[in-house]
Amino acid sequence: QIEGSWVGGLRPSARVARRETTCEVITQIHVPPIFPPEHRVLLFSPEFGTDQSFDVDLWTYLEPEDQVDLSVVCWQGWSDFNIMIEQVLHKVLALGDGVNTVWFGQGMGAIVAYELLKMIEKERIQSPNLPVALVVSDCPAPHLFAATYRPYAASNWTDRTAPYPPAEQKSIGEVVTMMRSYRFVHEKSEKVLVPILGCCHGTALADVPSVKAWEAYGQSFKFEDLGQVEEHEWYLEGFGPSTKPEPALLSAISETCKDFCRWNDETYPDIGPLDGPIPEKVDCIIVGAGIAGIYQAKVMAETGKSFVVFDRYHKIEGVWEFYGNDCSRVNTSEIGYRILEKTGSWVRPNEDHTPRQGIMRDIYDIASKHAYGKIRCRMDVKKVEKQTDGTYLVHVQSLVDSAKHVLKTTAVSFQVNRRIGKGRKVDWKDSDKFKGTICYGYGNEPCKLDFWNKRVLVVGAGAYAFENVRTSVEHGCRHVTLLGRRDGTTCPKWVDMLAFLRPLDENLQTNKAGNMISFEVWQKCYKDAGVRTPSCWDEGLLKPHNHTISVSDLAFIGGYHGLVDLRVGKIDRIRADGKGAVLKDASEIDCDIIIKCTGFHLNDELPEVVGTSKMHSYGLIDYNLNYQAEPLLDQGQFGSSKATDADAAETPALKEISELVQKPEFLRGLQVYRESRLDETPLKPQGNPFGSGQGGPIDCLSNYFAWLVDHPTEQAALLKHSGAPAQEMVMLWSSQIGQNNTATLVRLISALAGVDTNSDRKAVG
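Residues numbered from 1 in each chain as written. Predicted model: local features only at pLDDT ≥ 70, side-chain atom pairs only at ≥ 80, totals over all residues. Heavy atoms only, no water.

**A few points about the overall build of the protein chain**
Logical step 1: Counting secondary structure elements, the protein chain contains 22 helices and 27 strands.
Logical step 2: C-alpha atoms of the protein chain, sized along the principal axes, occupy 100 × 75 × 60 Å.
Logical step 3: Across the 765 residues of the protein chain, 52% fall into the buried class.
Logical step 4: Across the protein chain, the fraction of contacts at a sequence separation of at least 24, relative to all contacts at a separation of at least 6, is 78%.
Logical step 5: Surface summary for the protein chain: the accessible area is close to 35500 Å², and the carbon and sulfur share equals 51%. (Helix = DSSP H or I, 4+ residues; strand = E, 2+ residues; numbered from the N terminus. Buried < 20%, exposed > 50% of the residue type's maximum accessible area, 1.4 Å probe, protein only. Contact = heavy atoms within 4.5 Å. Areas by Shrake-Rupley, 256 points an atom, 1.4 Å probe, with all protein chains shown as cover.)

Following this line, the structure appears as structure tokens:
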């Protein structure tokens, strides 16, 4: 109401409402104890079915046992088949967690599943939960259905329906009307984009040949003859041959889940040899083969540059490979970390808060397409030397055989993490007497733990700490306590997503009144969950210094249900009985597992490699020498009311700005700027549309550096008139980038004072 339409707008209201029925469209009937489950099977009910149409006790024997999520899709309640398909599709698409999914349809439920697949294909709908296979049971192929699947045509149909009360007879009649309304319209494109398994119990409505006719509809086809069964006497109450599945059917579905699992390809796309020959000369050398380095390689490839990517580790993917956990997820909404735009029909985009395996596959996809054979691992870049002609000599040493190489290049881009260097090692007195498990919260150490019914203590308050809180709850812990030296800030997923859905003005700012509404409801989440609000909020800070905002629904859900407790304090020692920790204030915490999420040292090696500790706010260290890395996170990251914890003295950049804007050169330069009709948007305060997401900055900065390399005259002018590098390379805070960018802009505008707009208009341009 305050700020207008959000991205995506509103979903159109349903044309026809579903009549009141005994069950929801989707009902989860079995929840595995650990999340995410290995597989999910959506059970499309038979024609007169409900959420009671499948025997839960027997269906849970799908393998791996107790690791398969089961939900029933009930599509009854409409009288028009096409309207039903349209509205059931919205419900099915609500599943967006990326779990490997197989669809199973009993009777006409198979036709419903088939038509949903055709609509997804026709509308080019993307979903992380597109099924990997379709299993059909006791249903003729779609082109045979209308003519052969006609239970209502039986001579005893009236006698069979007569015992039911009028209301139930009406419901039965409604389903029959919908069955009669089905028309097969895909004669020229009958295939779906998944394999099909056909199963047959030899019922009167679906014999073996009619089920085998599904072979023409799948990318591949397999048939399972399950023998002959009599029609169930409770057919009109929604039961059928698959209500109590035999072992052969369960085995066939389990094999289908396994054989076509979307995560089967553990090898990822081929990216070429990582130990090939070292070229003597390239257009660009990229240092770091993590997500940013591989993306920079993509951009350079698209501009036609020759390049090589060096990384000192034995594999690519950087932090995601070496510090990520299998349970790690992106700490922002999917759009905020998107590096690969997935287009086309039958495409699975990454799920929201994408898990590690999804991000790693994207990195490999980009590397395979744009940097095949151009990545060299186990290579350490030792020195970068600028030559008199503006090119660079880059000294590289192999970490395998110590061989040294010197390469000549036009440009060098460092894509190495600033905030995450080596992990901080932490220990406590008597830790050797702890009777449980102590580990670090990264590098896949938590994935080796058995959390079931354990009391967990997570030490830390950053993103890794909240990730391990989520992992503990998802894996069945009894209770988890997060213990930080200070409060961390976390928000529910919707708060983070709103940052990407809400409209931005011309200065990339959201509506302030809307911000207050969002923040007030966020505060209410803390209150309703019974967890303590961050103390930094009382100081006017959105989050603690050098922390990001963690995103976690489970911190709030767990708090509400008494599973999660957020505390502030420090461990003094392990308790004498080995079953808990004693804090500095003498309080105690019972625990069976201690997970240390105690942060990382800064990566401080780059200044020695390039011979300086200063850089420009726009990423350049020198001409064609670039450093792209996430800054240290103060309040400037989210535009809070304070830049730092102290919000202290005026910084050198702010002091320079206040002095320069008073000088005649700046006022004259500003006049020239406006007379030249240059874009005045950069002169106004700009918001941060990316939040904590790195997808946008990676794309922006990679393309910006490539543009500078392709425009040497503009780059030289930028360096000449923007002054000496003033920004610290290692201790670089987010707020300083904005301040230094403003100072740079003021210097550039001041330089325009010497331009005659009549004779030098080309120079201004």
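**Thoughts on the packing of aromatic side chains**
The geometry of an aromatic ring pair is captured by two quantities: the separation of the ring centres and the angle between the planes.
Logical step 1: Tallied over the full model, the rule gives 27 aromatic pairs.
Logical step 2: A ring pair is formed by Phe44 and Trp103, whose centres lie 5.1 Å apart and whose planes are at 55°; its orientation type is tilted. Of this pair, Phe44 sits in strand β2 (residues 39–44) while Trp103 sits in strand β4 (residues 101–106); the two residues are 59 residues apart in sequence, bridging distant segments of the chain.
Logical step 3: A relative accessible area of 1% means that Trp103 is categorised as buried.
Logical step 4: Sitting above the plane of the Phe223 ring, Lys212 keeps its charged end 5.2 Å from the centroid. (Phe/Tyr/Trp six-rings, centres within 6.5 Å; stacked < 30°, edge-to-face > 60°. Lys NZ or Arg CZ within 6 Å of the ring centre and 35° of its normal.)

**Some points on a negative patch on the surface**
Logical step 1: A contiguous patch of negative charge, built from Glu63, Glu65, Asp66, Glu255 and Asp259, is present on the exposed surface.
Logical step 2: Along the chain, the position of Glu65 falls in the loop between α1 (56–59) and β3 (68–73).
Logical step 3: Residue class for Glu65 comes out exposed when judged on its relative accessible area of 54%. (Patch = residues over 30% accessible without salt bridge, like charges linked within 9 Å, V, L, I, M, F, W, Y side chains within 5 Å. Salt bridge = Lys/Arg side-chain N within 4 Å of Asp/Glu carboxyl O. Lys, Arg positive; Asp, Glu negative; His and termini not counted. Charge placed at Lys NZ, Arg CZ, Asp CG, Glu CD.)

**Side note on the sheet that holds strand β14 (residues 437–440)**
Logical step 1: Read from one edge to the other, the open sheet built from five strands follows the order β14-β23-β15-β16-β19, with strand pairing classed as parallel. Edge strands, defined here as strands with exactly one partner in the open sheet, are β14 and β19 (564–568). Averaged over all neighbouring strand pairs, the angle between strand axes comes to 20°, with direction disregarded.
Logical step 2: Sheet contacts for helix α12 (residues 463–474): β15 (455–459), β16 (479–484), β19 and β23 (593–596); angle to β16, the most-contacted strand, approximately 175°. (Pairing = 2+ DSSP bridges. Axes fitted to C-alpha atoms, helices over the stretch in contact; angles between N-to-C directions.)

**Overview of helix α17 (residues 652–660)**
Each α-helix turn comprises 3.6 residues. Residues three or four places apart therefore point the same way.
Logical step 1: Within the span of α17, buried status applies to Ala653, Ile657 and Leu660. Along the axis of α17, the buried positions cluster into a sector of 75°, meaning they face one direction only.
Logical step 2: Next to the buried residues of α17 lie α18 (664–675) and α21 (734–751). (Arc of directions from axis to C-beta.)

**What to know about the environment of Glu385**
Logical step 1: By the secondary structure assignment, Glu385 is in strand β11 (residues 379–386).
Logical step 2: Taking the C-alpha atoms as reference points, Glu385 and Ser402, separated by 17 residues in sequence, lie 20 Å from one another.

**Here we look at the pattern of salt bridges**
Logical step 1: This model, assessed by the stated rule, comprises 36 salt bridges.
Logical step 2: A salt bridge links Glu302 to Lys298, with the shortest nitrogen-to-oxygen separation between them at 3.2 Å. Residue Glu302 and its partner Lys298 are located together in helix α9 (residues 291–302), separated by four residues, close to a single helical turn.
Logical step 3: On the accessibility criterion, Glu302 (49% relative accessible area) is partly exposed.
Logical step 4: The exposure class assigned to Lys298 is buried, which follows from its relative accessible area of 14%.
Logical step 5: In this structure, the salt-bridge partner of Arg419 is Glu630, at a minimum N-O distance of 2.8 Å.

**Structural notes on the sheet that holds β4**
Logical step 1: Ordered in space as β1-β3-β2-β4-β5-β6-β7, the seven strands form an open sheet in which the pairing is mixed. Strand pairing shows two members of the sheet lacking a second neighbour, β1 (26–30) and β7 (221–225), which therefore form its edges. Direction aside, neighbouring strands of the sheet carry axes that sit 20° apart on average.
Logical step 2: Across five bridges, β2 lies against β4 in parallel orientation. Its bridge partner lying in β4, Phe44 is registered against Gly105.
Logical step 3: The strands that helix α3 (residues 108–122) touches are β2, β4 and β5 (133–137); relative to β4, the one it contacts most, it runs at about 135°.

None of this, on its own, says anything about what the molecule does.
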